[in-house]
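Structural description and commentary
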Amino acid sequence: MNLCRVLLVDDEAMILEGYQKVFDWKQYQCEVVGTAMDGEEAVRKAEELKPDIVIMDINLPKLNGLEAIKEIQNQTEDSRPVYVVVVTGYDDFSYCQEALRLRVSDFILKPIDFESFVPVLEKLVEKVMNNPRRRQVISGTLEKIVAYMELHLEEKNVSLTLLAEQMEMNPAYISQLFKKELGIGYHAYLNQMRVERAKKYLTESDESITLVAEKVGFSDYRVFTKVFKSIMGETPSQFRKR
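Presented here is an overview of the structure given in this document. Since this is a predicted model, take the numbers as computed values, not measurements. (Residues numbered from 1 in each chain as written. Predicted model: local features only at pLDDT ≥ 70, side-chain atom pairs only at ≥ 80, totals over all residues. Heavy atoms only, no water.)

**Things to note about the overall build of the chain**
Scanning the chain for helices and strands turns up 12 helices and five strands. Whereas a compact globule of 242 residues would reach a radius of gyration of roughly 18 Å, the chain reaches 24 Å, over 25% beyond that. Summarising its shape, the C-alpha atoms of the chain cover approximately 75 × 30 × 25 Å along the three principal directions. Among the 242 residues that make up the chain, the fraction classed as buried is 45%. In the chain, once contacts between residues fewer than 6 apart in sequence are set aside, the share between residues at least 24 apart is 66%. Accessible area of the chain: about 13100 Å², with a carbon and sulfur share of 49%. Averaging the locations of the 32 positively and 39 negatively charged side chains of the chain gives two centres separated by 9 Å. (Helix = DSSP H or I, 4+ residues; strand = E, 2+ residues; numbered from the N terminus. Rg over C-alpha atoms; globule rule 2.2 N^0.38 Å. Buried < 20%, exposed > 50% of the residue type's maximum accessible area, 1.4 Å probe, protein only. Contact = heavy atoms within 4.5 Å. Areas by Shrake-Rupley, 256 points an atom, 1.4 Å probe, with all protein chains shown as cover. Lys, Arg positive; Asp, Glu negative; His and termini not counted. Charge placed at Lys NZ, Arg CZ, Asp CG, Glu CD.)

**With respect to the packing of aromatic side chains**
Applying the stated criterion across every chain, the model contains nine aromatic pairs. Pairing Phe23 with Trp25 gives two aromatic rings, centres 4.9 Å apart and planes at 75°, and the pair type is edge-to-face. Assessed through its relative accessible area of 7%, Phe23 is described here as buried. Trp25 sits in the buried class, given a relative accessible area of 6%. By way of ring pairs, the aromatic residues Phe23, Trp25, Tyr28 and Phe117 are connected into one cluster. Across the ring face of Phe218, the terminal group of Arg194 is positioned such that the distance to the ring centre comes to 5.4 Å. When the ring centre of Tyr201 is taken as reference, the NZ or CZ atom of Lys215 above it lies at 4.2 Å. (Phe/Tyr/Trp six-rings, centres within 6.5 Å; stacked < 30°, edge-to-face > 60°. Lys NZ or Arg CZ within 6 Å of the ring centre and 35° of its normal.)

**Here we look at the pairing of strand E5 (residues 106-109)**
Along E5, the buried face is formed by Asp106 and Ile108; none of Phe107 and Leu109, which line the opposite face, is buried. Here four bridges tie strand E4 (residues 83-88) to E5, and the two strands are oriented parallel to one another. The partner of Val85 across the bridge, within E5, is Asp106. (Pairing = 2+ DSSP bridges.)

**Quick word on the sheet that holds strand E3 (residues 53-57)**
If you walk across this open sheet you meet the five strands as E2-E1-E3-E4-E5, and the pairing is parallel. Edge positions in the sheet fall to strand E2 (30-36) and E5, since each of these pairs with one other strand and no more. Shown here is a sheet whose adjacent strand axes are inclined to one another by a mean of 20°, direction ignored. Alignment of strand E1 (residues 4-9) against E2, held across six bridges, turns out to be parallel. Looking across to E2, one finds that Leu7 is bridged to Gly34. (Axes fitted to C-alpha atoms, helices over the stretch in contact; angles between N-to-C directions.)

**Considerations on the side chain of Asp10**
Along the chain, Asp10 turns up in the loop between E1 and helix H1 (13-22). Taking the relative accessible area as the measure of exposure, Asp10 reaches 0% and is therefore buried. Here Asp10 is in contact with Ile15, Leu16, Ala36, Met37, Asp57, Leu60 and Lys110, once residues within four sequence places are set aside.

**Focus on the environment of Asp24**
Tracing the chain through its elements places Asp24 in the loop between H1 and E2. What makes Asp24 partly exposed here is its relative accessible area of 42%. For Asp24 and Thr88, which are 64 residues apart along the polypeptide, the C-alpha to C-alpha distance reads 22 Å.

**Focus: helix H8 (residues 171-182)**
Helix length check: H8, at 12 residues, gives a terminal C-alpha distance of 16 Å against a target of 16 Å (1.5 Å per residue), a fit within 8%. Of the positions making up H8, those classed as buried are Tyr173, Ile174, Ser175, Leu177 and Phe178. Packed against the buried residues of H8 are helix H5 (114-129), helix H6 (132-151), helix H7 (160-167) and helix H9 (186-204). Sitting at the amino-terminal end of H8 is Asn170, which places a side-chain oxygen 2.9 Å from the backbone nitrogen of Ala172. Positive phi appears at Gly183, one or two residues downstream of H8, with a value of about 70°. (Expected span 1.5 Å × (residues − 1). Polar contact = N/O pair within 3.5 Å; in protein donor to acceptor, adjacent residues only side chain to side chain.)

**Some thoughts on the pattern of salt bridges**
Applying the stated criterion across every chain yields a total of nine salt bridges. The partner of Asp38 in a salt bridge is Lys62, with the nearest N and O atoms 3.8 Å apart. Note that Asp38 is positioned in the loop between E2 and helix H2 (39-49) and Lys62 in the loop between E3 and helix H3 (65-74), a separation of 24 residues in sequence. A residue is classified by how much of its surface remains accessible, and Lys62, at 63% relative accessible area, is exposed. Glu196 is the partner of Lys199 in a salt bridge, and the nearest nitrogen-oxygen pair spans 3.1 Å. Highlighted residues: Lys199 and Glu196, both in helix H9, separated by three residues, approximately one helical turn. In this structure Lys199 comes out as buried when scored by relative accessible area, which is 19%. (Salt bridge = Lys/Arg side-chain N within 4 Å of Asp/Glu carboxyl O.)

The structure is reproduced here in structure tokens:
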């Protein structure tokens, strides 16, 4: 699954639980891969889990947040940066100064307002997804999805939900992937694939329009005809004659 990997760090269990219950991470192409309750654990989990984004409280036991951030950045590869969001109840300029020197991506004050948190997260997700290494992973993922669609094109229930279940991905993520990478929605792309397959059958066989419709996943030939004409500008029969 090619979601942004998020590590949550706070010394209060209720806050960590709230992060996961109140906020729909998958809606924003993220998954929480782990949590930590002190600075030392945060450094260890960051090395083990390789998060893309770390959301960390400043006031932590064993190793404070700023010290933990230094350690995490020291173990991070330049080609795969970790974006850190500092969460603090301290409205203290000295903390902000130090955090800025550590190239922290953003600040959030407690209590957290999740509405204002959304644009912060969206900005970081965009940075993660535009990383060249991540782009290669996304391209490979899209190839796998399209290959699956090709294999199951004749099935009438190749819905986005079913596809997401088979690929073990979030439907919203797949939908956004098609729009961002191919400039077209999932269902529109599926219809184009079906029409391309239908053109082959119409050209190379004498099978009826109804049978061709069924072979490319349409249970109703009238719906097939409508979709075909909207894409090709002519009906299947007109295409075959031409």
